[in-house]
Protein chains: 2
Amino acid sequence: MNEIKTNSRPSKYVCYKLSRVMRKVHRYYENSFSQYGITPAQFYVLSAVWENDGVKFKDLAKGLEMDGSTLTSILDRLERQDLLERRDDPEDRRSLLVFLTKKAKQSIVEITCLAEKLNQEIKGRFSEEEYAAFERVLEKLSQE
Amino acid sequence: MNEIKTNSRPSKYVCYKLSRVMRKVHRYYENSFSQYGITPAQFYVLSAVWENDGVKFKDLAKGLEMDGSTLTSILDRLERQDLLERRDDPEDRRSLLVFLTKKAKQSIVEITCLAEKLNQEIKGRFSEEEYAAFERVLEKLSQE
DNA sequence: TACAAATAAATGTCTTACCAACAATATTGA
DNA sequence: TCAATATTGTTGGTAAGACATTTATTTGTA
């Protein structure tokens, strides 16, 4: 009595499927990153700053397609952990520049290796063509 | 000077790509659903309850693969909007049954049509094979 | 029966995400 | 020049997701 309907509607919708899968993959990354005390979103920020140390806040947000207020709070947490630093932009007093700390530079390579490994593990579950098609669809969807 | 590195690292990672696309698709649904005063997550819950009116809280959470605490807060909001109702389970005093209200029943069909339309719009951007491959990958990723 | 263990849902905390409103600063254009 | 406008980053609000803890109830077993 009162069985579960295994085919309940929401699973028909792209948005639902995406969010479910995203959560799953996110948790997978999260569990691994937690040994470094950071979250996936924090890793993306560190990674982008590593690529362009001293990047402007504005450009960082734009590059990550992240709302400014979201970035503000992630920077707050990373700064609290002494992983990065905001400095004044000498050219524009409204603007901020973002730098990695020494501490972050010491672990970023190792964390990046982990991220690559996780990525390969996921890719490895699929054939080249299958994965390529997947990425193509993601790419088109992200261009709106 | 100080150009944006368009190829900043994070975009290499599946998890990052997924979350970016998910956010985009989510916003797309969100904008349309907002005319009914609900969010996509709230729609999934309504939709699942509609499929199985009087479903147990526990089974609802399981079916939606949603943490109980997340569902609790979504139910709170839907109950506040008079869209659904918790009732005691006569068979187990720890358990709750979830029902749609009259108000919800009046609009759920219309909202579902909208959801179907959005879904078709997204699917329609791709070829059959392309979309099928995409769904296959999502499916595999969502299993474990 | 009695009591320990398991289960159901709620609560509190943290993180991410979005939006609107705001303060400080820069740019513009009359 | 200087007032209107635009831009930068922060703050505050709400929602969602995850996790740990808590309370009430049920189950299982000694």
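Look up: the structure comes first, before these words.
Here's what I pulled together on the structure shown here.

How each quantity is defined
- Residues numbered from 1 in each chain as written.
- Chains lettered and ligands numbered in written order.
- Predicted model: local features only at pLDDT ≥ 70, side-chain atom pairs only at ≥ 80, totals over all residues.
- Heavy atoms only, no water.
- Core = buried A, V, L, I, M, F, W, Y, C linked by side-chain atoms within 4.5 Å.
- Buried < 20%, exposed > 50% of the residue type's maximum accessible area, 1.4 Å probe, protein only.
- Contact = heavy atoms within 4.5 Å.
- Near = heavy atom within 4 Å.
- Polar contact = N/O pair within 3.5 Å; in protein donor to acceptor, adjacent residues only side chain to side chain.
- Helix = DSSP H or I, 4+ residues; strand = E, 2+ residues; numbered from the N terminus.
- Nonpolar A, V, L, I, M, F, W, Y, C, P; charged D, E, K, R; others polar.
- Axes fitted to C-alpha atoms, helices over the stretch in contact; angles between N-to-C directions.
- Parallel < 35°, antiparallel > 145°, perpendicular 65-115°, else oblique.
- Left-handed = near helix turned anticlockwise from the far one by under 90°.
- Expected span 1.5 Å × (residues − 1).
- Salt bridge = Lys/Arg side-chain N within 4 Å of Asp/Glu carboxyl O.
- Least-squares fit on C-alpha atoms with pLDDT ≥ 70 in both.

**Details of the nonpolar core**
In this structure, A:Tyr29, A:Val45, A:Leu60, B:Tyr29, B:Val45 and B:Leu60 are the most contacted members of the largest nonpolar core, which totals 88 residues. Setting aside its immediate chain neighbours within four residues, A:Leu60 contacts A:Val45, A:Ala48, A:Val49, A:Val55, A:Leu71, A:Leu75 and A:Val98.

**Focus: the protein's contact with DNA strand C**
Around DNA strand C, the structure places 22 residues, and the nearest of them are A:Thr39, A:Ser69, A:Arg77, B:Arg27 and B:Lys58. Near the protein, within 4 Å, the atoms of DNA strand C are sugar or phosphate in 75% of cases. Within the side chain of B:Arg23, one N or O atom sits 3.2 Å away from a phosphate oxygen of DNA strand C. A distance of 3.5 Å separates a phosphate oxygen of DNA strand C from a polar atom in the side chain of B:Ser95. Secondary-structure elements contributing two or more residues to the surface near DNA strand C are helix H2 (40-51) and helix H4 (68-80) of chain A together with helix H1 (14-33), helix H3 (57-63) and helix H4 (68-80) of chain B. Considering every element that reaches the surface near DNA strand C, the biggest residue donor is H4(A), with four residues. Taken together, the residues of the surface near DNA strand C sort by class into five nonpolar, seven polar and 10 charged.

**Considering the packing of helix H1 (residues 14-33) of chain A against H1(B)**
The description of two packed helices rests on the angle between their axes and on the distance between the axes. Here H1(A) crosses H1(B) at 150°, and the two axes come no closer than 9 Å. The orientation of H1(A) relative to H1(B) falls into the category roughly antiparallel. You can see that H1(A) and H1(B) cross each other, and the crossing is left-handed. Of H1(B), the residues touching H1(A) (which contributes A:Val14, A:Cys15, A:Leu18, A:Ser19, A:Val21, A:Met22, A:Val25, A:His26 and A:Tyr29) are B:Val14, B:Cys15, B:Leu18, B:Ser19, B:Val21, B:Met22, B:Val25, B:His26 and B:Tyr29. Among the residues making up the contact of H1(A) with H1(B), the classes are represented as 14 nonpolar, four polar and no charged.

**Some remarks on helix H2 (residues 40-51) of chain B**
All names here are of chain B. Taking 1.5 Å of rise per residue, the 12 residues of H2 would be expected to cover 16 Å, and the 16 Å separating its terminal C-alpha atoms lies within 8% of that figure. Within H2, 10 of the 12 residues are buried, leaving the element largely enclosed by the surrounding structure. When H2 is considered as a whole, its buried residues turn out to be Pro 40, Gln 42, Phe 43, Tyr 44, Val 45, Leu 46, Ser 47, Ala 48, Val 49 and Glu 51.

**Considerations on helix H6 (residues 128-142) of chain B**
The end-to-end C-alpha distance of H6(B), which contains 15 residues, comes to 21 Å, matching closely the 21 Å that a straight helix rising 1.5 Å per residue would cover. Every buried residue of H6(B) is accounted for by B:Glu130, B:Tyr131, B:Ala133, B:Phe134, B:Val137, B:Leu138, B:Leu141 and B:Ser142.

**Quick word on the interface of chain B and chain A**
In this complex, chain B contributes 60 residues to the contact, which on the side of chain A involves 58 residues. Counting across the interface, chain B meets chain A through 10 salt bridges. Between B:Lys140 and A:Glu130 there is a salt bridge, and its shortest N-O distance comes to 3.6 Å. At the junction of chain B with chain A, the criterion picks out 20 residue pairs in polar contact (both at pLDDT 80 or more). No other element matches H1(B), which puts 14 residues into the side of chain B that touches chain A. Residue classes in the side of chain B that touches chain A are distributed as 26 nonpolar, 12 polar and 22 charged.

**Quick look at the relation of the copies chain B and chain A**
At an RMSD of 0.1 Å, chain B and chain A line up after a rotation of 180° and a shift of 0.0 Å along the axis. Both chain copies can therefore be described as sitting about a two-fold axis. Proximity to the rotation axis, assessed at the C-alpha, singles out B:Phe134 in chain B; its C-alpha lies 2.3 Å from the axis. A shared binding surface is used by both copies, with 97% of the interface residues of chain B retained as interface residues in chain A.

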